[in-house]
Amino acid sequence: VQLQASGGGLVQAGASLRLSCAASGRTFSYYDMGWFRQAPGKEREFVAAVSWRGDSTYYSNSVKGRFTISRDNAQNTVYLQMNRLKPEDTAVYYCAARRAASTSTYNAGGTYPYWGRGTLVTVSS
């Protein structure tokens, strides 16, 4: 499956952004989808994930209550609505896909074989 993330940009703290990830190549609805991010000088970290059916969502503690992941299987797209952005949210954001798998591993980047190229989000203070 091919993934293309978009929607990043430069915003001030407290602002909102919505990231999109368009998928093509395989049956999108069979795939769990995740968002990960990597800040400069830091390791990649899990942000959010949504199950293939869209009925389960998962978030890291650092974004819970501020970010919302959703998917539109008809449009083969997954979204990440980011509200109340903070400077520490600055990172390259990547979307990732995997065939539906164990719910215990949603936050494990190594279980996602398909990755998009990333979109940069910069939050100024």
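Let me begin by describing the structure that accompanies this report.

Cut-offs and rules
Residues numbered from 1 in each chain as written. Predicted model: local features only at pLDDT ≥ 70, side-chain atom pairs only at ≥ 80, totals over all residues. Heavy atoms only, no water. Phe/Tyr/Trp six-rings, centres within 6.5 Å; stacked < 30°, edge-to-face > 60°. Helix = DSSP H or I, 4+ residues; strand = E, 2+ residues; numbered from the N terminus. Buried < 20%, exposed > 50% of the residue type's maximum accessible area, 1.4 Å probe, protein only. Contact = heavy atoms within 4.5 Å. Polar contact = N/O pair within 3.5 Å; in protein donor to acceptor, adjacent residues only side chain to side chain. Disulfide = S-S within 2.5 Å. Pairing = 2+ DSSP bridges. Axes fitted to C-alpha atoms, helices over the stretch in contact; angles between N-to-C directions. Core = buried A, V, L, I, M, F, W, Y, C linked by side-chain atoms within 4.5 Å.

1. Regarding the packing of aromatic side chains
Now for step 1: A full pass over the atoms with the stated rule returns six aromatic pairs.
Now for step 2: Here the aromatic rings of Tyr-31 and Tyr-114 are separated by 6.0 Å at their centres, their planes lie at 70°, and the arrangement is edge-to-face. Of this pair, Tyr-31 sits in strand 4 (residues 31-38) while Tyr-114 sits in strand 10 (residues 114-115), and the two are 83 residues apart along the sequence.
Now for step 3: Residue classification places Tyr-31 among the buried positions, given a relative accessible area of 3%.
Now for step 4: Their ring planes at 25° and their centres at 4.0 Å tell us that Tyr-58 and Tyr-106 sit as a pair that is stacked.

2. Some details on the side chain of Asp-89
Now for step 1: Looking at the element boundaries, Asp-89 is found in the loop between strand 8 (77-82) and strand 9 (91-99).
Now for step 2: Judged by its relative accessible area of 0%, Asp-89 is buried.
Now for step 3: Ignoring anything within four residues of it in the chain, the contact list for Asp-89 reads Arg-37, Arg-66, Phe-67, Arg-84, Val-121 and Val-123.

3. A closer look at the environment of Asp-89
Now for step 1: On a C-alpha basis, the gap between Asp-89 and Arg-117 in space is 18 Å, while along the polypeptide they are 28 residues apart.
Now for step 2: One polar contact links Asp-89 to Arg-37, side chain to side chain, over a distance of 2.9 Å.

4. Some remarks on the state of the cysteines
Working definition: the covalent bond between the sulfur atoms of two cysteines is a disulfide.
Now for step 1: Under the counting rule described, the total for this entry stands at one disulfide.
Now for step 2: Cys-21 shares a disulfide with Cys-95; S-S distance 2.0 Å. Here Cys-21 and Cys-95 share a disulfide; its torsion about the S-S bond, 60°, makes the bridge right-handed. With a gap of 74 residues between them, Cys-21 in strand 3 (residues 17-24) and Cys-95 in strand 9 connect regions that are remote in the sequence. Each member of the pair, Cys-21 as well as Cys-95, carries the same accessibility label: buried.

5. With respect to the sheet that holds strand 7 (residues 67-72)
Now for step 1: Here we have four strands laid out as an open sheet, ordered 1-3-8-7, and antiparallel in their pairing. The open sheet has two edge strands, strand 1 (2-6) and strand 7, and neither has a second partner. In this sheet, neighbouring strand axes are inclined to one another by 15° on average, regardless of whether the strands run parallel or antiparallel.
Now for step 2: As paired elements, strand 3 and strand 8 share six bridges and run antiparallel to each other. Looking at the pairing, Cys-21 lines up with Val-78 of strand 8.

6. Re the nonpolar core
Now for step 1: The biggest cluster of nonpolar side chains holds 29 residues, and the ones touching the most others in it are Met-33, Trp-35, Leu-80, Met-82 and Tyr-93.
Now for step 2: Counting only elements with at least two residues in this core, the list comes to strand 1, strand 3, strand 4, strand 5 (45-50), strand 7, strand 8, strand 9 and strand 11 (119-124).
Now for step 3: Phe-46, Ala-49, Tyr-106 and Tyr-112 belong to the second-largest nonpolar core, a separate cluster that totals six residues.

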